[in-house]
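Tertiary structure, described
Residues per chain are reported as follows:
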Amino acid sequence: MLQRLKTLAAALHHAFGRGASRGMEAVPTAARSLRRALPPLLILTAVTAAGYALVTHPPVQAVPPGQAALRTNQFSGGTSEFRAGSFLRIPGLHEVRLFPLRDQSYHPAAIAKADGPAPLQSVEGLSLGLDMNLRWTIDATRLVELSRRLPDDIEADVIAPAVQAVVYKQIARHTVREIFSSQRAEIAAALEAELRARLAGDGILLKGVQIGSVDLPSDYRRGMDRLLADSLASERMRYTLEISEKQVKQTELQAAADKVRRETAAEAAGREQIIAARAQEEAMKHVLPFKQKQIEQRALEAQAESAARIKQAEGAAQARRIEIAAESEARQKLADAEAYRVAQIGKANAGQMAVEGALLTRHPLLVQKAMADKLSDKVQVIIAPPGSGGFIGNALLAGMAPAAKAATEGAEAERE
């Protein structure tokens, strides 16, 4: 088919490209090429038109969630219902209508304001607005029947006229105060009952009617506010008086309760004192003998303590005497030991002196050595006088030689 189209395009180009002189010769060839390409061109046009029709009007239609589709055959009049998924729809043969299965909300805006296009009228003839909200849904068991009866715009053609017919009639029976405050719940219940019965015949199920704010004219609203404020003040005063009366009764009841409580407490305290006195009396019968025994016991304990103290004093005195005797004997022994020590030391000193005298007699130079040893710590140089001869310390000893000579003689005499 593509090749034929190319041939047709080339033929047309060739035909229009030649001059006028050669145009008559090329007409038969172009006609023959055009006759050959005409059937495929018609087939392509039909296929293109069918594809465009399928794209713009697809034969398969999906059912949106929460809706039901009713397909009506235009020739036989049969109706089929589809709740979910997709179904076949042939344009020109089938007519499809969608109905909502979920709850819908209708809000009449025309009656919402007192200065709106269609305000309500109370029994006094005062214009007012009512904020209403209706929740409705289609009766799913009657979809086939309702698809033939209900119009396309259900809210505008069915619900709105029913609401106007019912609301205007119900509101016209009540005063503004009843609508505004005192009978709002009753009015809502009456509207719901009448609208449910009215819409049920058209296959519409009314789920509920909610009444919001009531729009009043500004002057009347200010007067209503003052009236409500006065009414609230009166109610508040009445409740205040009732509370004061209840508080007085409560005070009286509390005083009576306190009185009964004090009397009961006094009686209980008296009974407790009586019981305590009787118990004390019974206890004294056992306490007095016990006290007597305690006195006797304390007397015996005092006697025993006195005897124990006497025994302790006697033992302490005996121990003191023994300690004094031992101390005296010890001192005597110490004195004897000291006298013996002094005597022995004297004998030892006398013997040592005798030995030293004999030694000095035999060796006179030991006196000089001893003297030098004694003076060595304090005297570094000893200057002896010239011609002193003998012991250099004779001048210092001042006649020590005769004494030493006598001692030597004495020692020799003793040896003899």
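The residue count restarts for each chain, going from 1 along the sequence in the order it is written. Given that the model is predicted, a residue must reach a pLDDT of at least 70 before its local features are reported, and side-chain atom pairs must reach 80 or more before they are shown or counted; all residues, however, enter totals for whole chains, interfaces and linings. Excluding hydrogens and water, the side-chain values take into account all heavy atoms of the structure.

Some details on the sheet that holds strand 5 (residues 94-100)
With antiparallel pairing, the three strands of this open sheet are ordered in space as 3-2-5. In the strand order of this sheet, the two ends are held by strand 3 (79-82) and strand 5, each with one partner. Adjacent strand axes in the sheet meet at a mean angle of 20° when their direction is disregarded. Relative to strand 5, strand 2 (residues 67-73) runs antiparallel, the two being bridged by seven bridges. Across the sheet, residue Arg71 finds its bridge partner in strand 5, namely Val96. Paired strands, in this sense, are two strands between which DSSP finds at least two bridges. A helix here means a DSSP run of H or I that spans at least four residues, while a strand means a run of E at least two residues long, and both kinds are numbered starting from the N terminus. Only C-alpha atoms enter the line fits that serve as axes; for helices the fit covers just the stretch in contact. Angles between N-to-C directions range over 0 to 180 degrees.

Digging into the side chain of Asp139
Relative to the helices and strands, Asp139 resides in the loop between strand 8 (127-138) and helix 3 (143-149). Summary of the burial criterion: residues with accessible area below 20% of their type's maximum are buried, those above 50% are exposed, and those between are partly exposed, where the area comes from a 1.4 Å probe applied to protein chains only. Charged-residue counts in this description rest on Lys and Arg as positive and Asp and Glu as negative, His and the chain ends being excluded. For this analysis, a salt bridge means a side-chain nitrogen from Lys or Arg found within 4 Å of a carboxyl oxygen belonging to Asp or Glu. No salt bridge is formed by the buried Asp139; its nearest oppositely charged neighbour, Arg142, is found at 4.3 Å. Polar contacts here mean pairs of N or O atoms no more than 3.5 Å apart (in protein, one a potential hydrogen donor and the other a potential acceptor; neighbouring residues in sequence count only if both atoms are side-chain atoms). Within the structure, the side chain of Asp139 is placed 2.8 Å from the side chain of Thr141, a separation counted as a polar contact. What Asp139 contacts, discounting residues up to four positions off in sequence, is Leu146, Gly203 and Leu205. Whether two residues are in contact is decided by their heavy atoms: any pair within 4.5 Å suffices.

Regarding helix 7 (residues 218-362)
Helices are assigned an expected span. That span is 1.5 Å times one less than the residue count. For helix 7, spanning 145 residues, the distance from its first C-alpha to its last is only 162 Å, which falls clearly below the expected 216 Å at 1.5 Å a residue. Fitting one axis to the seven residues ending at a residue and another to the seven starting there, the bend at that residue is the angle between the two axes. Along its length, helix 7 reaches its greatest deviation from straightness, about 35°, at Met284.

Some details on the side chain of Gln170
With respect to the helices and strands, the residue Gln170 is situated in helix 4 (residues 154-171). Residue Gln170 is classed as buried on the basis of its relative accessible area, which comes to 8%.

As for the nonpolar core
Counting residues in each nonpolar core, the largest one holds 37 residues, and the members touching the most others are Leu134 and Ile154. Of all elements in the fold, only strand 2, strand 8, helix 3, helix 4, helix 5 (176-182), helix 6 (184-200) and strand 9 (204-215) reach the threshold of two or more residues within this core. With nine residues, helix 4 is the single largest residue contributor to this core. Ignoring sequence-local partners within four residues, the contact set of Leu134 consists of Gln104, Ser105, Tyr106, Ile159, Val163, Leu195, Leu206, Gly208 and Val209. Buried Ala, Val, Leu, Ile, Met, Phe, Trp, Tyr and Cys residues that are joined via side-chain atoms within 4.5 Å together make up what is termed a nonpolar core.

So, a nonpolar patch on the surface
There is a patch of nonpolar side chains on the surface, built from Leu38, Leu41, Leu42 and Leu44 and spanning about 330 Å² of accessible area. Looking at the secondary structure, you find Leu38 in helix 2 (residues 23-56). Of the residues examined, Leu38 reaches a relative accessible area of 43% and is grouped as partly exposed. Grouping into patches uses exposed residues only, defined as over 30% relative accessible area, and leaves out salt-bridged ones; the cut-off is 9 Å for like charges and 5 Å for nonpolar side chains (Val, Leu, Ile, Met, Phe, Trp, Tyr). Method for areas: the Shrake-Rupley scheme with a 1.4 Å probe, in which residue coverage is limited to the protein chains shown.

Some thoughts on the pattern of salt bridges
Considering all chains together, one arrives at 16 salt bridges under this definition. Residue Arg238 pairs with Glu235 through a salt bridge whose shortest N-O separation is 2.5 Å. Here the residue Arg238 and the residue Glu235 both occupy positions in helix 7, the gap between them amounting to three residues, near one helical turn. Judged by relative accessible area, Arg238 falls into the partly exposed class, the value being 37%. Looking at Glu235, the relative accessible area reads 30%, which means it is partly exposed.

As for the packing of aromatic side chains
Between the rings of Phe, Tyr and Trp (Trp by its six-membered ring), a pair exists once the centres lie within 6.5 Å; its type follows the angle of the planes, with under 30 degrees stacked, over 60 edge-to-face, and the other angles tilted. Evaluated as defined, the whole model comprises zero aromatic pairs. Lying over the aromatic face of Tyr239, Arg238 brings its terminal NZ or CZ to 4.6 Å of the ring centre. Placement of a charge over a ring requires the Lys NZ or Arg CZ to be within 6 Å of the ring centre, with the centre-to-atom vector within 35 degrees of the ring normal.

Examining the pairing of strand 8
For strand 6 (residues 104-106) and strand 8, the ladder comprises three bridges, and the chain directions are antiparallel. For Ser105, the partnering residue across the bridge sits in strand 8 and is Arg135. Of the strand pairs in this sheet, strand 7 (residues 120-121) and strand 8 are connected by two bridges, and their pairing is antiparallel. If you follow Leu120 over to strand 8, its bridge partner there is Leu128. In textbook terms, the turn of a hairpin is the stretch between consecutive antiparallel strands, and for strand 7 and strand 8 this stretch comprises five residues, one of which, Gly125, has a positive phi near 85°. Judged from the nine bridges that link them, strand 8 and strand 9 form a sheet pairing that is antiparallel. Looking at the pairing, Met132 lines up with Ile211 of strand 9.

By themselves these figures say nothing about function.
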